[in-house]
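The lines below spell out each chain.
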Amino acid sequence: RAKKSRRGSFVMYSTEMGSDIRERVRLLQNLRSAVESERLFVVYQPQVNLASGAVVGVEALIRWRKEDGSFVAPDRFIPLAEASGMIVAIGDWVLRMACRELVRFQALGLPTLRMSVNVSQIQFRHPDFLEKLNAALLDTGINPRYLELEITESVAMEDADFMLETLHMVRELGISIAIDDFGTGYSSLSQLRQLPIDRLKIDRAFVGELSQQVSGGHIAAMVIELGRNLKLTVIAEGIEDEGQAQSLLGLGCHEGQGYLYAKPLLPAQFTEWYQARVANPG
Ligand code: C2E
Ligand code: MG
Ligand code: MG
Ligand code: MG
């Protein structure tokens, strides 16, 4: 009997749990050990002023390298880290790494360099979030005005009262806020103008459209106009060629980030990249 039911449950397992779920469970177990054995690290992608070419900031992006040397993309493991709650600890770790690195980067001759850190909605809504944020500021001694948190458009629009309150408190710490992947959600102008934010980030899908004849970047143009009307800085992500950079500049976009300038870099690579850029501008 026992045997039968065991076999029965095995059958259930193999038919009802798709290979996708089993794959995700395995990935989650691996992620847990990756955190423990420090196989996660942070890379930094430069952001430039489109008109002057000046380096204005960097975005911190997490990386996971497995033992066999292959990488797991954040788009695959961040959702798992969110579902399991691990994102709270991982996010806090990224924040601290980024703050520490900011001190070193600013010392390179970039005293006003900004550090942007992605914050997941699970992390943002965690009751200890503000306390941890404050502790990271105090422990690393960074000037909060050079720290920016990126939250996605959908997160910013959900549960408006809670978000408004938290965003205001973040801003009271002196930290700025960017809305990431802007243009992919459905926020209205009236919702957007209520939010205490500093910057809109145009999603890279709309930057890519700038090089296509047909769609021609109408959404990018609209986001830039919206941002300018609300007196926000607008930054474009995923700029891959000079044509896109010129179009964005022509449309009034302030800042940009993308492979045209640099891929996300290790701290030592960023130093090298920046020094080469200073030595050989343009
Ligand atoms: P995101 O915040 O929108 O980050 C921009 C993504 O675009 C990054 O992908 C970056 O490597 C990529 N990118 C930048 N320039 C170019 C370009 O010119 N061409 C192309 N094709 N791609 C470009 P990445 O690093 O794979 O990160 C993916 C997403 O994972 C991020 O999107 C963000 O939502 C999330 N993520 C990454 N690090 C963290 C983290 O520390 N915490 C949280 N909560 N999320 C993170
Ligand atoms: Mg981002
Ligand atoms: Mg983005
Ligand atoms: Mg994006």
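Structure's up top.
Just so you know, these numbers come straight off a predicted model, no measurement behind them.

Undergrad: Please explain unusual backbone geometry as it appears in this structure.
TA: Leaving glycine out, the prevailing phi sign among residues is negative, and the prevailing peptide bond configuration is trans. Of note, aspartate 181 is a non-glycine position whose phi angle comes to about 50°, a positive value. Among the structural elements, aspartate 181 can be located in strand S6 (residues 176-182). Assessed through its relative accessible area of 23%, aspartate 181 is described here as partly exposed. Even without glycine at this site, lysine 231 takes up a positive phi of about 60°. Its place among the elements puts lysine 231 in the loop between helix H11 (218-229) and strand S8 (233-236). Of the residues examined, lysine 231 reaches a relative accessible area of 74% and is grouped as exposed.

Undergrad: Can you help me understand the coordination of the magnesium ion (ligand 4) in this one?
TA: The coordination sphere of the magnesium ion (ligand 4) contains the protein donors Asp181 (OD) and Glu237 (OE), at a distance range of 2.3 to 2.4 Å. Here the magnesium ion (ligand 4) and the magnesium ion (ligand 2) are spaced 6.0 Å apart. You can see aspartate 181 sitting in strand S6 and its partner glutamate 237 sitting in the loop between S8 and helix H12 (242-250), a full 56 residues away along the chain. Residue class for glutamate 237 comes out buried when judged on its relative accessible area of 11%.

Undergrad: I keep staring at the packing of aromatic side chains and nothing clicks. Help me out?
TA: To describe a pair of aromatic rings, you give the distance between the ring centres and the angle between the ring planes. Tallied over the entire structure, the rule returns 7 aromatic pairs. Ring plane angle 45° and centroid distance 4.4 Å describe the contact between phenylalanine 105 and phenylalanine 270, whose orientation is recorded as tilted. Here phenylalanine 105 is found in helix H4 (residues 87-106), whereas its partner phenylalanine 270 is found in helix H13 (residues 267-279), with 165 residues between them in sequence. Among the residues examined, phenylalanine 105 registers a relative accessible area of 1% and is labelled buried. The exposure class assigned to phenylalanine 270 is buried, which follows from its relative accessible area of 0%. Between phenylalanine 270 and tyrosine 274 the ring centres are 6.5 Å apart and the planes differ by 15°, which places this aromatic pair in the stacked class. Of this pair, phenylalanine 270 and tyrosine 274 both sit in helix H13, separated by 4 residues, roughly a single helical turn. Each of the two residues, phenylalanine 270 as well as tyrosine 274, counts as buried. Aromatic ring contacts, followed pair by pair, group Tyr44, Phe105, Phe270, Trp273 and Tyr274 into a single cluster.

Cut-offs used in this document
Residues numbered from 1 in each chain as written. Chains lettered and ligands numbered in written order. Predicted model: local features only at pLDDT ≥ 70, side-chain atom pairs only at ≥ 80, totals over all residues. Heavy atoms only, no water. Helix = DSSP H or I, 4+ residues; strand = E, 2+ residues; numbered from the N terminus. Buried < 20%, exposed > 50% of the residue type's maximum accessible area, 1.4 Å probe, protein only. Donors = N, O, S within 2.8 Å, 3.2 Å for Na, K, Ca; no water. Phe/Tyr/Trp six-rings, centres within 6.5 Å; stacked < 30°, edge-to-face > 60°.

The values reported here are purely geometric and, on their own, carry no functional implication.
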